[in-house]
Amino acid sequence: MRLQAFALGLLGALALAAGPLAADDHRFGRHEALVVAHRGASGYLPEHTLAGYELAIDQGADFIEPDLVMTKDGHLVVRHDLNIAATTDVATHPEFAGRKKTMAVDGVAEEGWFVTDFTLAELRTLRIVQRYPDRSHVFDGRYRIPTFEEVLDLARRRSHEERRPIGVYPETKHPTMHRSLGLPLEPALARALRRVGWDRRQAPVFLQSFEPSSLQRLRQLTDNRLVQLVDASDVAPDGSIVFEPPFDRPYDWTVSSDPELRARRFDFLVSDDGLREVRSYADVISPWKRYVVSSKAVDRNGDGTVGDENCDGVVNDADRVLMPPTDLVERAHAHGLDVHLWTFRSEARFLVSDYAGNPVNEYLQFLRLGVDGFFSEFPDTAVTARELLRLEE
Ligand SMILES: [Ca+2]
């Protein structure tokens, strides 16, 4: 990778003569790993709000990360889920009581209110609330659902003000399902980027999806850098990755007419054959971090059982221990793919015991393994860890 980085550096120097960025510089001139603000600075402010994106930029994030869904009148808006029950005050709006329903999302029945049943004007009357009970609810009810156009305008304005590229890292959410509802995401996304001249490869943009067919569509529509996400359902007590539906494979494979695709799981994408295939349409592979460093459950407290090892009454990552890293980062780099990992959160319940409750230790481990970017909900901590790595080199 160092030789490759050197070669890319030379290419970059040559490209600088012709334009501001090297065609293959996925770090946009940065030496260090990119900090992608996952749903904004969502550890501090409710996810997917303009205020949360602004705070992430204030904290030094390189990219803000909007998840894209579509209204019934064809506008791209920013929400993690089609179901807005958990992140808005829709339940308190009597005028929308009749919209509550049960809908299958990627084959799984959910009850709630769904973005695709609302016009943009209707959605704009809602206010956003915090999803997690243990994060601040002080800001509930203050912010509206942003449109993707607003996010693009924010990134462009702040890039100008900060005199550094502030990029966008949008994800197509449930692209096959949107298509089946007559609301295809990819053409609207390409159109929105084209409107601001950000459909070019040199623009500070990564487009991400779990569904390979969505990325392959985008490859035809834009020159932007593309990111293949790799999910799983869980990690087993022995540290192996678990693939339970619906998180066993991308939904477009689940409903594919091709039996070979229907038989694959997400882990195909991190095999050498899979990485080669991903490289044919994408620039970055973005797996769940457990594909690079997993964790296992052990009897740390010696009480003869495996479970709540720190005796705080709950069983979570803090009770587990790290396993040795896999070779995925090296193999992805050998295939010409950058590696962006998710998701990094600072709360103790998300930190494996080896990190001693300090999220900086987790970032430093992955930085030393050579990852090229992080999805962080606490961009200030990610930026600090990146600075500490620079000091230790
Ligand atoms: Ca515990």
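Residues numbered from 1 in each chain as written. Predicted model: local features only at pLDDT ≥ 70, side-chain atom pairs only at ≥ 80, totals over all residues. Heavy atoms only, no water.

Novice: Just to check I follow, could you spell out helix 2 (residues 50-58) for this structure?
Specialist: An α-helix turns once per 3.6 residues; consequently, residues spaced three or four apart project the same way. Listed as buried for helix 2 are Gly-52, Tyr-53, Ala-56 and Ile-57. Projection of helix 2 onto a plane perpendicular to its axis shows the buried side chains occupying an angular sector of 140°, all on one side. Of the surrounding secondary structure, the elements contacted by the buried residues of helix 2 are strand 1 (34-38), strand 2 (63-65), strand 4 (76-78), helix 4 (148-162) and helix 13 (379-392). (Buried < 20%, exposed > 50% of the residue type's maximum accessible area, 1.4 Å probe, protein only. Helix = DSSP H or I, 4+ residues; strand = E, 2+ residues; numbered from the N terminus. Arc of directions from axis to C-beta. Contact = heavy atoms within 4.5 Å.)

Novice: Any chance you could explain the coordination of the calcium ion here in plain terms?
Specialist: The reference angle at a metal is 109.5 degrees if four donors form a tetrahedron and 90 or 180 degrees if six donors form an octahedron. With distances of 2.1 to 2.5 Å, the protein atoms coordinating the calcium ion are Asp-308 (OD), Asn-310 (OD1), Asp-312 (OD), Val-314 (O), Asp-319 (OD) and Asp-319 (OD). Geometry at the calcium ion is irregular, judged from its 6 donor atoms and the angles of 52 to 158° they form at the metal. Of note, the calcium ion draws all its donor residues from one chain, in the sequence arrangement D-x1-N-x1-D-x1-V-x4-D. Residue classification places Asp-319 among the buried positions, given a relative accessible area of 3%. (Donors = N, O, S within 2.8 Å, 3.2 Å for Na, K, Ca; no water. Tetrahedral: all angles 85-135°; square planar, octahedral: opposite > 155°, others 65-115°.)

Novice: Can you walk me through the side chain of Glu-65 in this structure?
Specialist: Tracing the backbone through its elements, the reader meets Glu-65 in strand 2. Buried and without a salt bridge, Glu-65 has Arg-39 as its closest oppositely charged side chain, separated by 5.3 Å. Non-local contacts of Glu-65, meaning those with residues more than four positions away in its chain, are made with Val-36, Ala-37, His-38, Arg-39, His-48, Tyr-53, Tyr-169, Glu-171, Gln-208 and Phe-375. (Lys, Arg positive; Asp, Glu negative; His and termini not counted. Salt bridge = Lys/Arg side-chain N within 4 Å of Asp/Glu carboxyl O.)

Novice: How should I be thinking about the confidence of the model for the protein in this particular structure?
Specialist: Where the model shows low pLDDT, its predicted coordinates should not be examined in detail. For the protein, per-residue confidence averages 94 on the pLDDT scale, and 94% of positions sit at 70 or higher. In the predicted structure, residues 1-23 sits below a pLDDT of 50 and forms 15 contacts with residues beyond four places in sequence or in another chain. (pLDDT = per-residue confidence, 0-100.)

Novice: Looking at this structure, I do not really get the nonpolar core. What am I missing?
Specialist: Soluble globular proteins tend to bury their nonpolar side chains together. Ranked by internal contacts, the top residues of the largest apolar core, which has 84 residues, are Ile-64, Phe-148, Trp-198, Tyr-291 and Phe-366. The contacts of Phe-366, once residues within four sequence positions are left out, are Lys-289, Val-292, Val-293, Leu-341, Phe-344, Tyr-355, Val-371 and Phe-374. In terms of nonpolar packing, the next biggest core, distinct from the first, is built from 18 residues, Val-77, Phe-114, Leu-126 and Ile-145 among them. (Core = buried A, V, L, I, M, F, W, Y, C linked by side-chain atoms within 4.5 Å.)

Novice: Is there a simple way to think about the packing of aromatic side chains in this case?
Specialist: Ring pairs (aromatic) are described by centroid distance and by the angle formed between their planes. Taken as a whole and judged by the stated rule, the model has 15 aromatic pairs. On the basis of an interplanar angle of 75° and a centroid distance of 5.1 Å, the ring pair of Tyr-44 and Phe-378 is categorised as edge-to-face. Note that Tyr-44 is positioned in the loop between strand 1 and helix 2 and Phe-378 in the loop between strand 17 (373-376) and helix 13, a separation of 334 residues in sequence. By relative accessible area, Tyr-44 is classed as partly exposed at 29%. Their ring planes at 85° and their centres at 6.0 Å tell us that Phe-63 and Tyr-169 sit as a pair that is edge-to-face. Of this pair, Phe-63 sits in strand 2 while Tyr-169 sits in the loop between strand 7 (167-168) and strand 8 (171-172), and the two are 106 residues apart along the sequence. Both residues of the pair, Phe-63 and Tyr-169, belong to the buried class. Among the aromatic side chains, those forming a connected cluster through ring pairs are Phe-28, Phe-63, Tyr-169, Phe-206 and Phe-375. Just above the ring of Phe-118 sits the side chain of Arg-99; from NZ or CZ to the centre is 5.0 Å. A cation over an aromatic ring shows up here: Arg-264 above the ring of Phe-268, its NZ or CZ 3.7 Å from the ring centre. (Phe/Tyr/Trp six-rings, centres within 6.5 Å; stacked < 30°, edge-to-face > 60°. Lys NZ or Arg CZ within 6 Å of the ring centre and 35° of its normal.)

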